[in-house]
Amino acid sequence: MKLATWNVNSLKVRLPHLLDWLAAAQPDVVCLQETKLTDDAFPAAEIAAAGYQAAWSGQKTYNGVALLSRAPLSSRSPGRPKNDLAPTGGGSDDFPEPGALTEVQAGIPGFEDEQKRVLAATVDGVRVVCVYIPNGQAVDSDKYHYKLRWLGALTAWLADELKRHPRLALLGDYNIAPDDRDVHDPAAWEGQILVSERERARFQGLLDLGLQDAFRRFEQPEKSFSWWDYRAAGFRRNLGMRIDHILLSAPLAAGCTACVIDKAPRKLERPSDHTPVWAETS
DNA sequence: ATGGCTGCTTTGAGCAGA
């Protein structure tokens, strides 16, 4: 199963890039962040025409997450958007069709949050959790404390999810660079947002659940990043950060054969500031 | 040293992103 994550920074603007990338990369499951679309505006028909069923949870202007799953020919039904909090046509949750998104959950249960940042679903026995972790803006700001509180709630919920779903993958924009290797200029960024000690401790808290950073299971090029600032020619100069991650529970990590940052979409005209990351698991 | 770009917003300057 090829699992991918991509912060598209407006699905309305980036839909052509997404459709091209689905055709080129052929992922089985895709987690999208920053769709910035209300639910009624989600481009379900275009995505269905590309062979993917979808679930989504959005809002106006900010945030917004979605899950795509490559649907086998038999269960494709173009023109019937299937945001299946109440699944239709994918079989029952007990006997889902291959590729079906079941047990769809938006948000962290019990954590009040108007911001649409979490979407989980089960696909072929894998619990896939798509997250857009808060940015935090500046260390010790209100948004920073919200980020830390949010990560605490996520971690507590995932501890529970892992009991029921030993095969679990957590993908998304974490807004945390876990290590100095993941920062173009660690000295300049020391103690700043995305790299502060408390943020990195929360990332470690996710690893302490038994999750593993798929990217670091393999030898990787130096200065591998997943986001580059639009300003100051960040991409051309490779002034980036690795803040988009795929964490896998032990059974999935054991069967993981590759994890790659695909820089191709970042080279296109009018790109997202993030580029896709994918992992292949058996 | 600073800000540098992009997307969005009841449209136009300000916010947010990271």
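Structure report, in brief. Fair warning: this is a prediction, and the values are worked out from it, not measured in the lab. (Residues numbered from 1 in each chain as written. Chains lettered and ligands numbered in written order. Predicted model: local features only at pLDDT ≥ 70, side-chain atom pairs only at ≥ 80, totals over all residues. Heavy atoms only, no water.)

Turning to the side chain of Lys147, a few remarks are in order. Along the polypeptide, Lys147 turns up in helix H3 (residues 142-164). Lys147 has contacts with Ile133, Pro134, Asn135, Gly136, Tyr174, Asn175, Ile176, Ile193, Leu194 and Glu199, leaving out every residue within four places of it along the chain. (Helix = DSSP H or I, 4+ residues; strand = E, 2+ residues; numbered from the N terminus. Contact = heavy atoms within 4.5 Å.)

Among the residues of helix H5 (residues 197-207), Glu199, Phe203 and Leu206 are the ones counted as buried. Down the axis of H5, the buried side of the element spans an arc of 50 degrees, and every buried residue falls inside it. (Buried < 20%, exposed > 50% of the residue type's maximum accessible area, 1.4 Å probe, protein only. Arc of directions from axis to C-beta.)

This part is about the pattern of salt bridges. One pass over the full model with this rule turns up 14 salt bridges. A salt bridge links Glu161 to Arg127; the shortest N-O distance between them is 2.8 Å. One end of the pair, Glu161, is in helix H3; the other, Arg127, is in strand E7 (residues 126-132), and 34 residues separate them in sequence. When sorted by exposure, Glu161 lands in the same class as Arg127, which is buried. (Salt bridge = Lys/Arg side-chain N within 4 Å of Asp/Glu carboxyl O.)

Once that is clear, we can look at the sheet that holds strand E4 (residues 65-70). Within the open sheet, the 6 strands sit side by side as E3-E4-E2-E1-E14-E13. Their pairing is mixed. What marks the edges here is a single partner per strand, and that holds for strand E3 (52-57) and strand E13 (256-261). Looking at each pair of strands side by side, their axes are set apart by 15 degrees on average, direction ignored. Judged from the 4 bridges that link them, strand E1 (residues 2-7) and strand E14 (residues 277-281) form a sheet pairing that is antiparallel. (Pairing = 2+ DSSP bridges. Axes fitted to C-alpha atoms, helices over the stretch in contact; angles between N-to-C directions.)

This next bit is on helix H1 (residues 11-25). Taking 1.5 Å per residue as the helical rise, H1 with its 15 residues ought to reach 21 Å, whereas the 18 Å between its terminal C-alpha atoms falls clearly short. Taking the largest bend as the criterion, H1 deviates by roughly 35 degrees, centred on His17. Buried residues of H1: Leu11, Arg14, Leu15, His17, Leu18, Trp21, Leu22 and Ala25, and no others. Buried residues along H1 sit against E1, strand E2 (29-33), helix H2 (44-49), E3, E4 and E14. (Expected span 1.5 Å × (residues − 1). Bend = angle between axes of the 7 residues up to and from the residue.)

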